[in-house]
Every structure is written in structure tokens, then in C-alpha cells.
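# Coordinate inspection notes
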Amino acid sequence: MTRILIIEDEQSIAELERDYLEIEGFEVEIISDGKMGLDAAMSTSYSLILLDVMLPKVNGFEICRQIRREKDIPILMVTAKMEDVDKIRGLGLGADDYIVKPFSPSELVARVKAHLARYDRLVRKSVPIDEIQVRGLQINKTSRKVFMNGIEIALTAKEFDLLAFFAEHPNQVFSKEHLFERIWGLDSMGDMATVTVHVRKIREKIETDPANPQFIETVWGTGYRFKGQ
């Protein structure tokens, strides 16, 4: 069941929100104290958080900021204030939406459903693909094996990581700097020539004609791009 946390110190508003959400089949928990609400948000799994701005002990802005450090779930901020600066501040801290009191309960439910559906779509899109197949090239991320037209290709660990990253992001251009940071890490010692060397070695292993690559192509002056389907 979808669990929603309401952090709201006005009991009547919190209960109204809970009642309408429970009618829609959501499981709802109410906490009226900012510190306790933050502790619950950080230690318990929720699908969405309805967060009041003005709260005792810890305000909604600080709660939003700390949640966003650790979790990527929808946060809807609820406030009696209407100043744009507060909306901008909340959205800048990572809130997904803003709803101003007094509000229609049906509008609240509609926004909750919309954000849950949007989040669900994003999560499903980001689910890692275990196996990628492109024009005879087969990459299995679980076994870390690569096949070309059914024949296994031996790659080093970094060659595999780089090829898998390319294949997971087809038709996108990546600079050498981005690829180096993504595969070798920000703290790694080395230079951008490392990327060039690894791309060349991968091409030698998977391309029929490395000089005329059909998978990893060079975008001159920018970086590299993996040609998808």
C-alpha cells in the first residue's frame, strides 16, 4: 500500500488531508512536530510527504533540505504564505510542488496522485537493464560478459564499464571529462587520454572496421556518442 507522511501542526488540516487520502486507499501517518517528522521521514519508507512550512522545532524548509540529501521521493509543501520568495525557496530546496492554504481537498488528492504517478514513471524508466542488445552486440551486466554476433569478447573491467555506460545512454554525446569522472571517479589520478585509449581498445574488439566505427563514434570537438538502434 502507498504510504504518505503528513507533517502538519494544525490538527484539523492534517486530519482533513488524511481523511481524503484514506478514502483514495492511501495509508497515512500524521506527525505534528517538525523534529519528529524529520526523524520519521529519514528512518521510515514513505511514497510521498506532505510537508507544512511553519512547524515547531524544525521548519519545513529545513526538513525538505535534509530529506533531499538522502531520499528521492515526492515532497509537496503546504503553507499559508503566498509570497513567491517562499515558493522559490521551497522548490529550490527540492520540493516537487507547493499548495497554499486554504485549498480544495480534491485538488490536494489530484496533486498527490499526479506526483506519485510521475515518480513511478521515472523510477520504472531508471530501472537498470540487465542485458542490452544492439546490432549483434550483446552486453550482460550481471555476468559482465560481452558478445559480438554470438562470440564472447574479452574486455577489461574499465572497458566493460565504459561500454556498458555508453550502451545505457544511446545517442547521447559525452565529453571525455564526463566519461572520465563517471567511470574512473573524481578522485582518480589520470588524464583525458585514458578515455581515448579505452575507446580505441573497445573499438578494436567490437568493431568490424575500427577506423569506421558503427557503435562508438567520435563527435569532433565534443566527445563520443554510442549509436543506438
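About the cut-offs
- Residues numbered from 1 in each chain as written.
- Predicted model: local features only at pLDDT ≥ 70, side-chain atom pairs only at ≥ 80, totals over all residues.
- Heavy atoms only, no water.
- Core = buried A, V, L, I, M, F, W, Y, C linked by side-chain atoms within 4.5 Å.
- Buried < 20%, exposed > 50% of the residue type's maximum accessible area, 1.4 Å probe, protein only.
- Helix = DSSP H or I, 4+ residues; strand = E, 2+ residues; numbered from the N terminus.
- Contact = heavy atoms within 4.5 Å.
- Salt bridge = Lys/Arg side-chain N within 4 Å of Asp/Glu carboxyl O.
- Pairing = 2+ DSSP bridges.
- Phe/Tyr/Trp six-rings, centres within 6.5 Å; stacked < 30°, edge-to-face > 60°.
- Axes fitted to C-alpha atoms, helices over the stretch in contact; angles between N-to-C directions.
- Parallel < 35°, antiparallel > 145°, perpendicular 65-115°, else oblique.
- Left-handed = near helix turned anticlockwise from the far one by under 90°.

### With respect to the nonpolar core
In this structure, L137, I139, L163, I216 and F226 are the most contacted members of the largest nonpolar core, which totals 28 residues. Of all the elements in the fold, those that place two or more residues in this core are strand 6 (131–134), strand 7 (137–140), strand 8 (145–148), helix 6 (157–168), helix 7 (176–184), helix 8 (193–206) and strand 12 (223–226). Looking at this core, the element that brings in the most residues is helix 6, giving 7 residues. Apart from the residues within four sequence positions on either side, I139 is in contact with D130, E131, I132, K145, V146, F160, L163, A164 and A167. One finds A41, V58, I73 and M77 within the second-largest nonpolar core, a separate group that totals 21 residues.

### Brief notes about the pattern of salt bridges
For the structure shown, the criterion picks out 18 salt bridges. D19 is the partner of R18 in a salt bridge, and the nearest nitrogen-oxygen pair spans 3.4 Å. Where E168 meets K141, a salt bridge forms, and the shortest distance between an N and an O atom there is 2.2 Å. Of this pair, E168 sits in helix 6 while K141 is found in the loop between strand 7 and strand 8, placing the two residues 27 residues apart along the sequence.

### A few points about the pairing of strand 7
Where strand 6 and strand 7 come together, 4 bridges link them in antiparallel fashion. Bridge pairing in strand 7 links I132 to I139. Between strand 6 and the antiparallel strand that follows it, strand 7, lie 2 residues; R135 among them carries a positive phi value of about 45°. The pairing of strand 7 with strand 8 spans 4 bridges and is classified as antiparallel. Residue pairing in the sheet places L137 in a bridge with M148 of strand 8. Where strand 7 folds back on strand 8, the antiparallel hairpin that results is connected by 4 residues, among which R144 adopts a positive phi of roughly 55°.

### Some thoughts on the sheet that holds strand 10 (residues 173–174)
Two modes of strand pairing occur in sheets, parallel and antiparallel, and in both the strands are linked by backbone hydrogen bonds. The 3 strands lie next to each other as 10-12-11, forming an open sheet whose pairing is antiparallel. The strands lining the two open edges of the sheet, one partner per strand, are strand 10 and strand 11 (216–219). Two elements, strand 11 and strand 12, share 4 bridges in a ladder whose sense is antiparallel. Considered in strand 12, the bridge of T218 is made with Y224.

### Structural notes on the packing of aromatic side chains
Applying the stated criterion to the full structure yields 3 aromatic pairs. Each ring, one from F165 and one from F174, has its centre 4.9 Å from the other, and the planes form 55°; the classification is tilted. Of the two residues examined, F165 and F174, each falls in the buried class.

### Concerning the packing of helix 2 (residues 34–43) against helix 3 (residues 60–70)
Any two packed helices are characterised by the angle at which their axes cross and by the distance between the axes. Two numbers describe how helix 2 lies on helix 3: the axes approach to 10 Å, and their chain directions differ by 15°. Classed by the angle they form, the pair helix 2 and helix 3 counts as roughly parallel. Judged by the sense of rotation from one axis to the other, the crossing of helix 2 with helix 3 is right-handed. Of helix 3, the residues touching helix 2 (which contributes G34, L38, A41 and M42) are I63, Q66, I67 and E70.

### Remarks on the pairing of strand 5 (residues 97–100)
Residues of strand 5 alternate between two faces, with D97 and I99 on one and Y98 and V100 on the opposite face, all of them buried. With 4 bridges joining them, strand 4 (residues 75–79) and strand 5 adopt parallel strand pairing. Bridging across to strand 5, V78 finds its partner in I99.

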